[in-house]
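Working through the structure, step by step
This is what each chain is made of:
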Amino acid sequence: MKCFYSFDSVQIESATAVTIGMFDGLHVGHLKVIQGCLGIAKSNGLKTCIITFSNHPADYFTGKRNELLMPNQEKTEALEALGIDYAVILPFDSFIVELPARKFIQDLLIKRVKATKVVLGYDNHFGKNREGSVSFIQKEFSKQLEAISIDVAKVEDVIVSSSQIKKYLSEGEVAKANAMLGQKFAVSGKVVHGNQNGRKIGFPTANMSLHADNKFIPQLGVYLCEVHIKAGIYYGLTNMGYRPTLNKDEGIHIETHILGFDEDIYGQRIKIKFMEKIRSEKRFDSFDELKNQISADLAWAKLYLAQVHITSQEN
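Residues numbered from 1 in each chain as written. Predicted model: local features only at pLDDT ≥ 70, side-chain atom pairs only at ≥ 80, totals over all residues. Heavy atoms only, no water.

1. Observations regarding the sheet that holds strand β3 (residues 47-53)
Taken in spatial order, the six strands make up an open sheet running β1-β4-β3-β2-β5-β6, and their pairing is parallel. Looking at the sheet topology across the chains shown, the edges are occupied by β1 (2-4) and β6 (146-150). Along the sheet, successive strands turn relative to each other by an average axial angle of 20°, direction set aside. Looking at chain direction, β3 and strand β4 (residues 86-90) are connected through five bridges and run parallel. Bridge pairing in β4 links T52 to I89. On the sheet, helix α1 (residues 28-44) packs against β2 (16-20), β3, β5 (115-121) and β6 and is oriented at approximately 155° with respect to β5. Packing against the sheet, helix α3 (residues 72-82) makes contact with β1, β3 and β4, and its axis sits at approximately 165° to β3. (Pairing = 2+ DSSP bridges. Helix = DSSP H or I, 4+ residues; strand = E, 2+ residues; numbered from the N terminus. Axes fitted to C-alpha atoms, helices over the stretch in contact; angles between N-to-C directions. Contact = heavy atoms within 4.5 Å.)

Dropping the structure here:
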(Lines give C-alpha, C1' and ligand atoms only; values in the text may rest on other atoms or scores of the structure.)
Protein backbone atom coordinates (compact mmCIF):
# COMPACT_ATOMS: atom_id res chain seq x y z
CA MET A 1 0.00 0.00 0.00
CA LYS A 2 1.37 3.40 -0.96
CA CYS A 3 0.74 6.24 1.47
CA PHE A 4 0.57 9.99 0.88
CA TYR A 5 0.69 12.42 3.79
CA SER A 6 -0.24 15.74 2.22
CA PHE A 7 -2.76 17.04 -0.31
CA ASP A 8 -0.09 18.15 -2.79
CA SER A 9 1.96 14.95 -2.63
CA VAL A 10 -0.81 12.70 -3.98
CA GLN A 11 0.14 11.19 -7.33
CA ILE A 12 -1.98 8.29 -8.54
CA GLU A 13 -2.05 7.28 -12.20
CA SER A 14 -4.61 4.45 -12.16
CA ALA A 15 -8.37 4.94 -11.93
CA THR A 16 -9.67 4.26 -8.43
CA ALA A 17 -12.64 3.51 -6.25
CA VAL A 18 -12.27 5.76 -3.22
CA THR A 19 -13.80 6.09 0.23
CA ILE A 20 -13.38 8.83 2.81
CA GLY A 21 -13.49 8.83 6.60
CA MET A 22 -11.67 8.88 9.92
CA PHE A 23 -12.09 5.09 10.21
CA ASP A 24 -11.01 5.04 13.85
CA GLY A 25 -11.05 1.42 15.00
CA LEU A 26 -12.00 -0.06 11.63
CA HIS A 27 -15.19 -1.40 13.24
CA VAL A 28 -17.84 -3.45 11.43
CA GLY A 29 -19.46 -0.30 10.06
CA HIS A 30 -16.17 0.88 8.60
CA LEU A 31 -15.45 -2.57 7.24
CA LYS A 32 -18.84 -2.64 5.53
CA VAL A 33 -17.89 0.54 3.66
CA ILE A 34 -14.34 -0.59 2.90
CA GLN A 35 -15.42 -4.04 1.74
CA GLY A 36 -17.99 -2.32 -0.46
CA CYS A 37 -15.23 -0.18 -1.95
CA LEU A 38 -13.01 -3.23 -2.50
CA GLY A 39 -15.82 -5.14 -4.17
CA ILE A 40 -16.73 -2.28 -6.50
CA ALA A 41 -13.06 -1.79 -7.40
CA LYS A 42 -12.60 -5.47 -8.21
CA SER A 43 -15.71 -5.69 -10.39
CA ASN A 44 -14.68 -2.56 -12.33
CA GLY A 45 -10.94 -3.22 -12.64
CA LEU A 46 -10.02 -0.27 -10.37
CA LYS A 47 -7.43 0.36 -7.69
CA THR A 48 -8.65 1.23 -4.18
CA CYS A 49 -7.90 4.42 -2.29
CA ILE A 50 -8.81 5.53 1.22
CA ILE A 51 -8.71 9.18 2.24
CA THR A 52 -8.41 9.45 6.00
CA PHE A 53 -6.96 11.73 8.66
CA SER A 54 -3.90 11.59 10.91
CA ASN A 55 -5.73 13.27 13.80
CA HIS A 56 -9.33 13.16 14.95
CA PRO A 57 -11.53 16.02 13.66
CA ALA A 58 -12.49 16.70 17.27
CA ASP A 59 -8.85 17.69 17.91
CA TYR A 60 -9.31 20.71 15.65
CA PHE A 61 -12.68 21.80 17.03
CA THR A 62 -11.96 21.25 20.74
CA GLY A 63 -8.26 22.09 20.84
CA LYS A 64 -7.65 18.84 22.73
CA ARG A 65 -5.89 15.69 21.57
CA ASN A 66 -8.45 12.90 21.44
CA GLU A 67 -7.56 9.30 22.18
CA LEU A 68 -8.03 6.89 19.28
CA LEU A 69 -9.17 3.29 19.16
CA MET A 70 -6.60 2.77 16.42
CA PRO A 71 -3.74 5.30 16.18
CA ASN A 72 -2.11 5.88 12.79
CA GLN A 73 0.43 3.06 12.73
CA GLU A 74 -2.22 0.48 13.68
CA LYS A 75 -4.72 1.87 11.18
CA THR A 76 -2.20 1.93 8.34
CA GLU A 77 -1.18 -1.67 9.02
CA ALA A 78 -4.83 -2.78 9.15
CA LEU A 79 -5.73 -1.01 5.89
CA GLU A 80 -2.78 -2.62 4.14
CA ALA A 81 -3.83 -6.04 5.44
CA LEU A 82 -7.29 -5.46 3.92
CA GLY A 83 -5.70 -5.04 0.49
CA ILE A 84 -6.06 -1.28 -0.01
CA ASP A 85 -3.78 0.07 -2.76
CA TYR A 86 -3.46 3.73 -1.74
CA ALA A 87 -3.97 5.66 1.49
CA VAL A 88 -4.11 9.46 1.61
CA ILE A 89 -3.54 10.37 5.27
CA LEU A 90 -4.16 14.09 5.73
CA PRO A 91 -3.94 16.31 8.80
CA PHE A 92 -7.41 17.49 9.78
CA ASP A 93 -6.65 21.21 9.94
CA SER A 94 -8.01 24.60 8.88
CA PHE A 95 -7.24 23.84 5.23
CA ILE A 96 -9.48 20.76 5.27
CA VAL A 97 -12.17 22.49 7.32
CA GLU A 98 -12.38 25.44 4.92
CA LEU A 99 -12.00 23.42 1.70
CA PRO A 100 -15.30 23.54 -0.24
CA ALA A 101 -16.72 20.15 -1.17
CA ARG A 102 -16.65 21.10 -4.86
CA LYS A 103 -12.91 21.83 -4.72
CA PHE A 104 -12.27 18.70 -2.64
CA ILE A 105 -13.93 16.64 -5.36
CA GLN A 106 -12.34 18.42 -8.31
CA ASP A 107 -8.79 18.81 -6.99
CA LEU A 108 -8.38 15.71 -4.83
CA LEU A 109 -10.86 13.03 -5.91
CA ILE A 110 -10.87 13.61 -9.66
CA LYS A 111 -7.52 15.25 -10.41
CA ARG A 112 -5.15 13.59 -7.93
CA VAL A 113 -6.82 10.34 -6.85
CA LYS A 114 -8.26 9.58 -10.31
CA ALA A 115 -11.53 8.48 -8.71
CA THR A 116 -14.35 7.15 -10.85
CA LYS A 117 -16.34 5.53 -8.00
CA VAL A 118 -16.90 7.06 -4.56
CA VAL A 119 -18.18 4.78 -1.79
CA LEU A 120 -19.42 6.49 1.39
CA GLY A 121 -21.12 5.53 4.62
CA TYR A 122 -24.79 6.41 5.06
CA ASP A 123 -24.04 9.58 7.09
CA ASN A 124 -20.68 10.57 5.57
CA HIS A 125 -20.19 14.26 4.77
CA PHE A 126 -17.04 16.13 3.80
CA GLY A 127 -15.89 19.58 2.76
CA LYS A 128 -16.69 22.99 4.21
CA ASN A 129 -19.95 23.01 6.18
CA ARG A 130 -20.21 19.25 5.48
CA GLU A 131 -21.63 20.00 2.05
CA GLY A 132 -20.10 16.97 0.35
CA SER A 133 -22.19 13.79 0.33
CA VAL A 134 -23.43 11.03 -1.96
CA SER A 135 -26.38 13.20 -3.04
CA PHE A 136 -24.08 16.18 -3.71
CA ILE A 137 -21.83 14.08 -5.95
CA GLN A 138 -24.84 12.59 -7.74
CA LYS A 139 -26.26 16.06 -8.36
CA GLU A 140 -23.08 17.96 -9.29
CA PHE A 141 -20.62 15.38 -10.65
CA SER A 142 -22.69 12.56 -12.09
CA LYS A 143 -20.80 12.63 -15.40
CA GLN A 144 -17.38 12.15 -13.74
CA LEU A 145 -18.17 10.09 -10.67
CA GLU A 146 -20.54 7.38 -9.53
CA ALA A 147 -21.39 7.76 -5.83
CA ILE A 148 -22.52 4.74 -3.83
CA SER A 149 -24.01 4.86 -0.32
CA ILE A 150 -23.48 1.99 2.14
CA ASP A 151 -26.24 1.29 4.67
CA VAL A 152 -25.83 1.67 8.40
CA ALA A 153 -24.36 -1.20 10.43
CA LYS A 154 -26.03 -2.22 13.69
CA VAL A 155 -25.28 -4.68 16.47
CA GLU A 156 -28.32 -5.68 18.54
CA ASP A 157 -30.20 -2.68 17.09
CA VAL A 158 -27.52 -0.20 18.20
CA ILE A 159 -25.80 1.81 15.44
CA VAL A 160 -22.12 0.95 15.28
CA SER A 161 -19.82 3.92 15.87
CA SER A 162 -16.39 4.61 17.31
CA SER A 163 -17.93 6.76 20.05
CA GLN A 164 -20.27 3.93 21.09
CA ILE A 165 -17.34 1.50 21.22
CA LYS A 166 -15.39 3.92 23.40
CA LYS A 167 -18.42 4.24 25.67
CA TYR A 168 -18.62 0.46 26.07
CA LEU A 169 -14.88 0.20 26.78
CA SER A 170 -15.01 3.06 29.29
CA GLU A 171 -17.72 1.09 31.13
CA GLY A 172 -15.78 -2.19 31.01
CA GLU A 173 -18.29 -3.72 28.55
CA VAL A 174 -15.62 -5.52 26.53
CA ALA A 175 -17.89 -8.07 24.83
CA LYS A 176 -20.20 -5.35 23.51
CA ALA A 177 -17.24 -3.31 22.25
CA ASN A 178 -15.69 -6.35 20.57
CA ALA A 179 -18.99 -7.20 18.85
CA MET A 180 -19.00 -3.76 17.23
CA LEU A 181 -15.32 -3.91 16.37
CA GLY A 182 -15.69 -7.33 14.78
CA GLN A 183 -12.53 -8.33 16.62
CA LYS A 184 -11.02 -8.02 20.09
CA PHE A 185 -9.95 -4.55 21.16
CA ALA A 186 -6.17 -4.52 21.41
CA VAL A 187 -3.31 -2.45 22.76
CA SER A 188 0.29 -3.00 21.73
CA GLY A 189 3.70 -1.84 22.82
CA LYS A 190 7.11 -2.90 24.02
CA VAL A 191 7.89 -4.94 27.13
CA VAL A 192 9.89 -2.79 29.55
CA HIS A 193 11.44 -3.33 32.96
CA GLY A 194 9.18 -2.84 35.97
CA ASN A 195 9.93 -2.95 39.69
CA GLN A 196 9.68 -6.79 39.88
CA ASN A 197 6.98 -6.70 42.59
CA GLY A 198 4.85 -9.19 40.67
CA ARG A 199 7.69 -11.69 40.57
CA LYS A 200 8.29 -11.21 44.31
CA ILE A 201 4.75 -12.43 45.10
CA GLY A 202 4.85 -15.27 42.58
CA PHE A 203 3.07 -13.63 39.66
CA PRO A 204 5.62 -12.17 37.23
CA THR A 205 4.23 -9.61 34.81
CA ALA A 206 5.19 -8.14 31.46
CA ASN A 207 5.05 -4.37 31.71
CA MET A 208 4.03 -2.55 28.54
CA SER A 209 5.11 0.79 27.15
CA LEU A 210 2.47 1.80 24.59
CA HIS A 211 3.52 2.43 20.99
CA ALA A 212 1.18 5.43 20.73
CA ASP A 213 0.50 7.95 23.50
CA ASN A 214 -2.96 8.78 22.11
CA LYS A 215 -4.26 5.22 22.31
CA PHE A 216 -7.69 4.91 23.92
CA ILE A 217 -7.50 3.11 27.27
CA PRO A 218 -10.48 1.08 28.58
CA GLN A 219 -11.89 1.38 32.07
CA LEU A 220 -9.17 0.64 34.60
CA GLY A 221 -9.20 -2.80 36.15
CA VAL A 222 -8.17 -6.41 35.62
CA TYR A 223 -8.98 -8.15 32.33
CA LEU A 224 -8.70 -11.59 30.83
CA CYS A 225 -6.78 -11.19 27.58
CA GLU A 226 -5.15 -12.93 24.68
CA VAL A 227 -1.44 -12.19 24.74
CA HIS A 228 0.43 -12.11 21.44
CA ILE A 229 4.21 -12.28 21.74
CA LYS A 230 7.06 -13.62 19.62
CA ALA A 231 6.81 -17.06 21.24
CA GLY A 232 3.12 -17.42 20.34
CA ILE A 233 -0.38 -16.68 21.61
CA TYR A 234 -1.17 -17.14 25.30
CA TYR A 235 -3.85 -16.10 27.78
CA GLY A 236 -3.12 -13.63 30.52
CA LEU A 237 -4.42 -11.34 33.24
CA THR A 238 -3.85 -7.68 32.43
CA ASN A 239 -4.03 -5.00 35.07
CA MET A 240 -4.60 -1.48 33.79
CA GLY A 241 -4.32 1.10 36.50
CA TYR A 242 -2.29 3.08 38.98
CA ARG A 243 -1.15 0.06 41.05
CA PRO A 244 -2.53 1.57 44.30
CA THR A 245 -1.18 -1.21 46.51
CA LEU A 246 2.38 -0.86 45.20
CA ASN A 247 2.96 2.84 44.74
CA LYS A 248 1.29 6.22 44.51
CA ASP A 249 2.64 7.54 41.21
CA GLU A 250 0.14 8.99 38.75
CA GLY A 251 1.03 7.13 35.56
CA ILE A 252 -1.24 4.39 34.23
CA HIS A 253 0.50 1.01 34.15
CA ILE A 254 -0.33 -1.90 31.86
CA GLU A 255 1.07 -5.16 33.17
CA THR A 256 0.18 -8.70 32.20
CA HIS A 257 0.69 -12.01 33.96
CA ILE A 258 0.98 -14.53 31.10
CA LEU A 259 -0.46 -17.95 31.96
CA GLY A 260 1.99 -20.80 31.51
CA PHE A 261 4.85 -18.55 30.41
CA ASP A 262 7.84 -17.18 32.32
CA GLU A 263 10.63 -16.24 29.91
CA ASP A 264 12.63 -13.07 29.37
CA ILE A 265 10.81 -10.98 26.75
CA TYR A 266 12.16 -7.52 27.59
CA GLY A 267 12.32 -5.30 24.54
CA GLN A 268 9.91 -7.47 22.55
CA ARG A 269 6.65 -6.28 20.99
CA ILE A 270 3.53 -7.40 22.86
CA LYS A 271 -0.11 -7.15 21.87
CA ILE A 272 -2.92 -7.54 24.38
CA LYS A 273 -6.42 -8.43 23.09
CA PHE A 274 -9.19 -7.89 25.62
CA MET A 275 -11.69 -10.69 26.26
CA GLU A 276 -13.52 -9.96 29.53
CA LYS A 277 -13.26 -7.61 32.47
CA ILE A 278 -12.70 -9.54 35.70
CA ARG A 279 -12.89 -6.75 38.26
CA SER A 280 -12.22 -3.08 38.90
CA GLU A 281 -8.92 -1.91 40.32
CA LYS A 282 -8.78 -1.67 44.10
CA ARG A 283 -6.26 -1.07 46.83
CA PHE A 284 -5.15 -3.87 49.16
CA ASP A 285 -3.72 -3.36 52.62
CA SER A 286 -0.99 -5.95 52.21
CA PHE A 287 0.88 -7.98 49.61
CA ASP A 288 -0.79 -11.11 51.03
CA GLU A 289 -4.25 -9.68 50.25
CA LEU A 290 -3.07 -8.77 46.75
CA LYS A 291 -1.61 -12.25 46.23
CA ASN A 292 -4.87 -13.89 47.36
CA GLN A 293 -6.90 -11.68 45.00
CA ILE A 294 -4.65 -12.51 42.04
CA SER A 295 -5.07 -16.21 42.84
CA ALA A 296 -8.84 -15.71 42.81
CA ASP A 297 -8.61 -13.81 39.51
CA LEU A 298 -6.63 -16.67 38.00
CA ALA A 299 -9.18 -19.22 39.18
CA TRP A 300 -11.98 -17.16 37.59
CA ALA A 301 -10.01 -16.86 34.33
CA LYS A 302 -9.30 -20.59 34.12
CA LEU A 303 -12.95 -21.44 34.76
CA TYR A 304 -14.05 -18.94 32.12
CA LEU A 305 -11.60 -20.35 29.57
CA ALA A 306 -12.71 -23.90 30.31
CA GLN A 307 -16.34 -22.92 29.71
CA VAL A 308 -15.46 -21.14 26.46
CA HIS A 309 -13.56 -24.17 25.19
CA ILE A 310 -16.38 -26.55 26.17
CA THR A 311 -18.95 -24.35 24.41
CA SER A 312 -16.84 -24.03 21.25
CA GLN A 313 -16.35 -27.81 21.12
CA GLU A 314 -20.09 -28.42 21.53
CA ASN A 315 -20.80 -26.10 18.61
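2. Looking at the confidence of the model for the protein chain
For the protein chain, per-residue confidence averages 90 on the pLDDT scale, and 91% of positions sit at 70 or higher. Ignoring residues within four places in sequence, the model shows residues 244-248, a span with pLDDT below 50, making 13 contacts including any to other chains. Residue range residues 310-315 is modelled with pLDDT below 50. Its contacts to residues more than four positions away, or to other chains, number zero contacts. (pLDDT = per-residue confidence, 0-100.)

3. Quick word on the side chain of K277
Tracing the chain through its elements places K277 in strand β14 (residues 269-279). Despite its burial, K277 pairs with no opposite charge; the closest candidate is E173, at 9.1 Å N-O. Among the polar contacts listed, one links the side chain of K277 to the side chain of Q219, at a separation of 2.3 Å. Polar contacts involving the side chain of K277 include one to the side chain of S280, which spans 3.0 Å. (Buried < 20%, exposed > 50% of the residue type's maximum accessible area, 1.4 Å probe, protein only. Lys, Arg positive; Asp, Glu negative; His and termini not counted. Salt bridge = Lys/Arg side-chain N within 4 Å of Asp/Glu carboxyl O. Polar contact = N/O pair within 3.5 Å; in protein donor to acceptor, adjacent residues only side chain to side chain.)

4. Notes on unusual backbone geometry
In the Ramachandran plot, F23 falls in the positive-phi region, its phi being about 55° despite a non-glycine side chain. Within the secondary structure, F23 is located in the loop between β2 and α1. Judged by its relative accessible area of 5%, F23 falls in the buried class. Even without a glycine there, the phi angle at N129 is positive, about 60°.

5. Considering the sheet that holds β14
If you trace the six strands once around the closed barrel, you get β9-β10-β13-β12-β11-β14, paired in antiparallel fashion. Taking each pair of neighbouring strands and ignoring which way they run, the sheet shows an average axis angle of 45°. Judged from the four bridges that link them, strand β9 (residues 186-192) and strand β10 (residues 206-210) form a sheet pairing that is antiparallel. If you follow K190 over to β10, its bridge partner there is S209.

6. What about the nonpolar core?
Of all hydrophobic cores here, the largest spans 34 residues; its most connected members are I51, L109 and V113. Elements represented by at least two residues in this core include exactly β2, β3, β4, α4 (94-98), α5 (101-112), β5 and α6 (134-140). Per-element accounting of this core gives the leading share, five residues, to α5. Ignoring anything within four residues of it in the chain, the contact list for V113 reads V10, I12, S14, T16, V18, C49, I51 and L108. Ranked by size, the runner-up nonpolar core spans 29 residues in total, among them A153, M180, L181 and F216. (Core = buried A, V, L, I, M, F, W, Y, C linked by side-chain atoms within 4.5 Å.)

7. With respect to the pairing of β2
Of all five residues in β2, five are buried, a share of seventy percent or more. Across five bridges, the pairing between β2 and β3 is parallel. The residue of β3 that forms the bridge with I20 is I51. Remark: the β2/α1/β3 crossover connection has right-handed handedness. Alignment of β2 against β5, held across four bridges, turns out to be parallel. Within β5, the position partnered with T19 by the bridge is V119. (Right-handed = clockwise from strand over helix to strand, strands pointing away.)

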